[in-house]
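Observations on chain architecture
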Amino acid sequence: MLSQVLPLASEQGFDPQINITAEDVEGVSRPCPDMLNLAIDKLRIRDCHSVIQVGDTPADILAGQAAGVTTVGIIEGSSLIGLSEEEFSHLPFAKRNSLNNEAAAKLQRAGADYIVQNAKDLMRLIKELDSEKIVS
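For clarity, every value in this text was computed on a predicted model and none was experimentally measured.

1. Things to note about a negative patch on the surface
- A contiguous patch of negative charge, built from Glu-76, Glu-85, Glu-86 and Glu-87, is present on the exposed surface.
- Structurally, the position occupied by Glu-86 is in helix H4 (residues 85-89).

2. Brief notes about helix H6 (residues 119-131)
- Taking 1.5 Å per residue as the helical rise, H6 with its 13 residues ought to reach 18 Å, and the 18 Å between its terminal C-alpha atoms agrees with that figure.
- Every buried residue of H6 is accounted for by Leu-122, Leu-125 and Leu-129. One side of H6 carries all its buried residues, which in axial view fall inside an arc of 60°. Facing away from the buried side of H6 by over 90 degrees, the exposed positions are Lys-120, Lys-127 and Ser-131.
- Buried residues in H6 make contact with strand S1 (52-55), strand S2 (70-74) and strand S3 (114-116).
- If you check the start of H6, you find a side-chain oxygen 3.2 Å away from the backbone N of Lys-120, and it comes from Asn-118.

3. Digging into the sheet that holds S3
- Judged by pairing direction, the sheet is parallel, and its 3 strands sit side by side in the order S1-S2-S3 without closing on themselves. Each edge of the open sheet carries a strand with a single partner, namely S1 and S3. Taken over all neighbouring pairs, the strand axes of this sheet differ in orientation by 25° on average, direction set aside.
- This element, H6, spans S1, S2 and S3 of the sheet and lies at about 145° to S3.

4. Examining the environment of Ile-75
- Within the fold, Ile-75 resides in the loop between S2 and H4.
- Judged by its relative accessible area of 5%, Ile-75 falls in the buried class.
- Taking C-alpha positions, Ile-75 is 25 Å from Gln-17, a pair spaced 58 residues apart along the chain.
- Look past the residues within four positions of Ile-75 in its chain and what remains in contact with it is Ile-81, Asn-100, Ala-103, Ala-104, Leu-107, Ile-115, Val-116 and Gln-117.

5. Observations regarding the pattern of salt bridges
- One pass over the full model with this rule turns up 2 salt bridges.
- One salt bridge connects Arg-124 with Asp-121, and the closest N-O pair in it is separated by 2.9 Å. Here Arg-124 pairs with Asp-121, and both are found in helix H6, just 3 residues apart, close to one helical turn.
- Exposure remark for Arg-124: the relative accessible area of 49% places this residue in the partly exposed category.

Parameters and conventions
Residues numbered from 1 in each chain as written. Predicted model: local features only at pLDDT ≥ 70, side-chain atom pairs only at ≥ 80, totals over all residues. Heavy atoms only, no water. Patch = residues over 30% accessible without salt bridge, like charges linked within 9 Å, V, L, I, M, F, W, Y side chains within 5 Å. Areas by Shrake-Rupley, 256 points an atom, 1.4 Å probe, with all protein chains shown as cover. Salt bridge = Lys/Arg side-chain N within 4 Å of Asp/Glu carboxyl O. Lys, Arg positive; Asp, Glu negative; His and termini not counted. Charge placed at Lys NZ, Arg CZ, Asp CG, Glu CD. Helix = DSSP H or I, 4+ residues; strand = E, 2+ residues; numbered from the N terminus. Expected span 1.5 Å × (residues − 1). Buried < 20%, exposed > 50% of the residue type's maximum accessible area, 1.4 Å probe, protein only. Arc of directions from axis to C-beta. Contact = heavy atoms within 4.5 Å. Polar contact = N/O pair within 3.5 Å; in protein donor to acceptor, adjacent residues only side chain to side chain. Pairing = 2+ DSSP bridges. Axes fitted to C-alpha atoms, helices over the stretch in contact; angles between N-to-C directions.

What follows is the structure, given as structure tokens:
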């Protein structure tokens, strides 16, 4: 999957320093925090409170909680909605709103510290958290 995703991400200006998959931690995946902990280790991050786990599923949120990091649920493009951007955009507004609300509720029940609609909102949140020194 990474061989397909990374070139697309790079075209949009996103080139991660490291990539961790379940294969890197003997097949252990979320909600266990092993992948996140390995990333923290490889990046030599000393304070896990300076880390943000962004995810679109309850398992992502639970993994972040288990690792002791700040968790952010993201709704747009969420696996919880399970539709392509095109499919979603063709739905009536009320249905889109309902699906967004359902996804947000699931992320909230999982215990997300914050929930954002999309990447633009995520960037605003990161700046806000950094300015408040909640995450540095």
